[in-house]
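Each chain is listed here by its residues.
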There are 2 protein chains.
Amino acid sequence: MRPSKRDELVQKALDAFYRNGFHATGMDMLVAETGISKTSMYKHFRTKDDLILAVLRLRDERFRNWLYRRMEDLADTPKGQLIAMFDALGEWFEEQGFKGCMFIKASSEYQEPTNPIHMQSADHKRLLEQHFTALAADAGYKNAAALARQLLLLKEGAIVTAHLGHTDDAAKDGKEAAIALLAAHG
Amino acid sequence: MRPSKRDELVQKALDAFYRNGFHATGMDMLVAETGISKTSMYKHFRTKDDLILAVLRLRDERFRNWLYRRMEDLADTPKGQLIAMFDALGEWFEEQGFKGCMFIKASSEYQEPTNPIHMQSADHKRLLEQHFTALAADAGYKNAAALARQLLLLKEGAIVTAHLGHTDDAAKDGKEAAIALLAAHG
DNA sequence: CTCAATGTTTACTGATCGGTACAGTTTGTT
DNA sequence: AACAAACTGTACCGATCAGTAAACATTGAG
């Protein structure tokens with residue numbers, strides 16, 4: 001099995017969906033942008049939704065890998081990494097082509113809680129929360145779970161605010177708030 | 001001029017767009033749901049986007065009125081109102097039919113920063129930030145603007161997290177974080 | 001070389017998209 | 001009663017939607 005075409009499709013579809021949105025990106029547009037035939041697409045994925053699920057799977061893997069690694073590179077203590085998350089987010093916000101969180105957008109376009117796309121987006125956030133909880137516990141915080149959830153609120157809020165583009169530096173605001181939260185949980 | 005039909009259309013379109021999303025709600029679906037003829041719709045609004053802008057205008061007015069009033073009802077000091085915001089949000093999250101923030105969803109479906117729908121969504125957040133800043137200043141906080149922006153991050157994060165539905169009580173997490181932030185700002 | 005898997009092109013389906021044309025009906029005012 | 005404004009129903013436009021059919025080309029392994 002040589003699934004290289006399939007991977008290529010998922011990767012290029014990720015770009016298109018991230019740039020244009022899910023409903024606004026038709027399969028014909030994907031054909032035009034990826035150079036892959038529609039017949040081939042539907043050999044790999046039975047429906048557009050299945051393709052979207054594969055795209056979200058790739059995005060989850062890539063994003064979490066990138067974020068976790070960047071946090072580790074920027075700080076060596078668990079507490080430092082939780083703070084450094086907002087520096088990493090700041091770098092992301094500055095990237096050209098930044099268009100917010102793909103999972104927030106996915107859950108915005110597929111709202112029903114039972115929709116697989118919605119559920120998979122929720123899974124992504126759950127994994128983030130678990131990672132933050134582990135870091136907070138490592139750092140010795142008493143109520144690590146609550147602290148992690150609060151930091152997650154700041155992270156999601158910073159992404160949304162940065163995408164709305166009405167704030168100069170949502171990452172900096174998030175970082176300062178995170179530092180205050182960590183001190184309060186001290 | 002009797003704009004009652006127009007108002008009725010905007011109000012019912014708000015419900016439909018909030019429930020189904022913007023791209024996923026076609027004009028024919030609006031005809032079916034509102035009972036208003038398509039011809040009449042296009043007499044009031046030249047395009048679907050114009051209708052969406054009117055819907056967002058109504059949503060902004062209703063939501064801010066509701067939130068500000070609820071905050072005032074739940075607390076009588078400016079500081080207390082900032083905290084009570086998260087109790088108000090918690091009530092909202094519990095409402096049947098809660099589907100997240102309409103402006104976050106609008107900016108997710110119309111991503112280009114120059115798109116009027118995106119810009120109007122950003123305006124809504126700006127007005128919220130101004131209100132929070134005024135409250136923080138009234139409460140005597142030194143860096144009222146920064147505090148307001150941080151609280152806004154918590155609010156947006158709580159809404160997104162509640163909509164993703166992976167957390168039991170995003171409002172409670174937001175409230176506890178807000179209390180900690182207020183304490184940190186002395 | 002051969003065979004089978006995987007890919008391609010082209011054309012197509014029925015449904016739906018946003019938006020319009022047009023003729024007829026309801027409604028409020030005088 | 002009469003008139004105009006507002007609204008309705010129906011039918012339509014070209015474009016696009018997700019998805020399929022069928023015939024042909026490319027490729028890699030035995």
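Here the structure is shown first, and the text comes after it.
What you are looking at is a predicted structure, and each value in this text was computed from that prediction instead of being measured.

Conventions adopted
- Residues numbered from 1 in each chain as written.
- Chains lettered and ligands numbered in written order.
- Predicted model: local features only at pLDDT ≥ 70, side-chain atom pairs only at ≥ 80, totals over all residues.
- Heavy atoms only, no water.
- Salt bridge = Lys/Arg side-chain N within 4 Å of Asp/Glu carboxyl O.
- Helix = DSSP H or I, 4+ residues; strand = E, 2+ residues; numbered from the N terminus.
- Buried < 20%, exposed > 50% of the residue type's maximum accessible area, 1.4 Å probe, protein only.
- Contact = heavy atoms within 4.5 Å.
- Near = heavy atom within 4 Å.
- Polar contact = N/O pair within 3.5 Å; in protein donor to acceptor, adjacent residues only side chain to side chain.
- Nonpolar A, V, L, I, M, F, W, Y, C, P; charged D, E, K, R; others polar.

**Description of the pattern of salt bridges**
Consideration 1: Taken as a whole and judged by the stated rule, the model has 28 salt bridges over all chains.
Consideration 2: The closest approach of N and O atoms between Arg70 of chain B and Glu91 of chain B, which form a salt bridge, is 2.8 Å. Taken together, the positions of Arg70 of chain B in helix H4 (residues 48-74) and Glu91 of chain B in helix H5 (residues 78-94) put the pair 21 residues apart, joining distant regions of the chain.
Consideration 3: Arg70 of chain B sits in the partly exposed class, given a relative accessible area of 24%.
Consideration 4: What makes Glu91 of chain B partly exposed here is its relative accessible area of 33%.
Consideration 5: One continuous salt-bridge network, built from bridges that share partners, spans Lys5, Glu8 and Lys12 of chain A.

**So, the side chain of Lys155 of chain A**
Consideration 1: Within the element layout of this structure, Lys155 of chain A appears in helix H8 (residues 144-164).
Consideration 2: Not counting chain neighbours up to four residues away, the residues in contact with Lys155 of chain A comprise Phe63, Met85, Phe86, Leu89, Lys125, Leu128 and Phe132 of chain A.

**Remarks on the protein's contact with DNA strand D**
Consideration 1: Residues in close proximity to DNA strand D total 16 residues, the closest being Met27, Lys38 and Lys48 of chain A together with Lys5 and Thr39 of chain B.
Consideration 2: Within 4 Å of the protein, the contacting atoms of DNA strand D are 58% sugar and phosphate, with bases supplying the remainder.
Consideration 3: Note that a phosphate oxygen of DNA strand D is positioned 2.8 Å from one of the backbone N or O atoms of Met27 of chain A.
Consideration 4: Between DNA strand D and the protein, one listed contact pairs a phosphate oxygen with a side-chain N or O atom of Ser37 of chain B at 3.0 Å.
Consideration 5: At the level of elements, helix H2 (27-34) and helix H3 (38-44) of chain A together with helix H3 (38-44) of chain B are the ones that each hand at least two residues to the surface near DNA strand D.
Consideration 6: Here the residues of the surface near DNA strand D are counted per class, giving three nonpolar, nine polar and four charged.

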